[in-house]
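As a plain string of letters, each chain reads:
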Amino acid sequence: MTAEILSGTKVAKAMRKEMAADVEGLKADHGVVPGLAVVLVGDDPASMSYVRGKRKACEEGAINSVEYKREADFPEADLLALIAELNADPSVNGILVQLPLPKHISEHLVLDAIDPSKDVDGFHPINLGRMLVGEDCLLPCTPHGVQQLLLRGGVEIE
């Protein structure tokens, strides 16, 4: 068996092209443009890089993306209030709270506060439970990306 290099860049580019076509269909058929809210608390360099990557992916996929950048000392109660606003906003179809959060903020409280239908990371307990039992749900990005890379690369998995 020979080794084969799978190109994540190539797969991501193809998926973004497919996504852009799907979004164009939503616009044409229903007047809907998906919207992603990205929340970043603090100035962790890796987190900031990840958010920039998400912004670029949204642009390529023709998805609206709004970033909510807050200082590292942003109060937990204010973050929970922001999430409640985003949950109620019909123009926001997905919410991504960039982890890690500063030490004074409970990741569990924040992730639990996100509407499961808007939890694009798939970290809400309801989504984790659905995934565990094989029900439809939003899947965590990295494992789903690995699955797509393997499937699109023709790798058979048992």
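Residues numbered from 1 in each chain as written. Predicted model: local features only at pLDDT ≥ 70, side-chain atom pairs only at ≥ 80, totals over all residues. Heavy atoms only, no water.

A. Expanded view of the pairing of strand 3 (residues 94–97). Side chains G94 and L96 of strand 3 all project onto a buried face; the interleaved residues I95 and V97 project onto the opposite face, where all are buried too. Bridge count between strand 1 (residues 35–41) and strand 3: four bridges; the pairing is parallel. Looking at strand 3, one finds that V39 is bridged to V97. (Buried < 20%, exposed > 50% of the residue type's maximum accessible area, 1.4 Å probe, protein only. Helix = DSSP H or I, 4+ residues; strand = E, 2+ residues; numbered from the N terminus. Pairing = 2+ DSSP bridges.)

B. Up close: the nonpolar core. Counting 17 residues, the largest nonpolar core has V39, V41, L79, L86, V97, L101 and V110 as the members making the most contacts within it. Looking at this core, the elements that each hand over two or more residues are strand 1, helix 3 (76–88), strand 3 and helix 4 (107–113). Considering each element in turn, this core owes the most residues, four residues, to helix 3. Core analysis: the next-biggest nonpolar cluster, separate from the first, contains eight residues, V38, V51, C58 and I63 among them. (Core = buried A, V, L, I, M, F, W, Y, C linked by side-chain atoms within 4.5 Å.)

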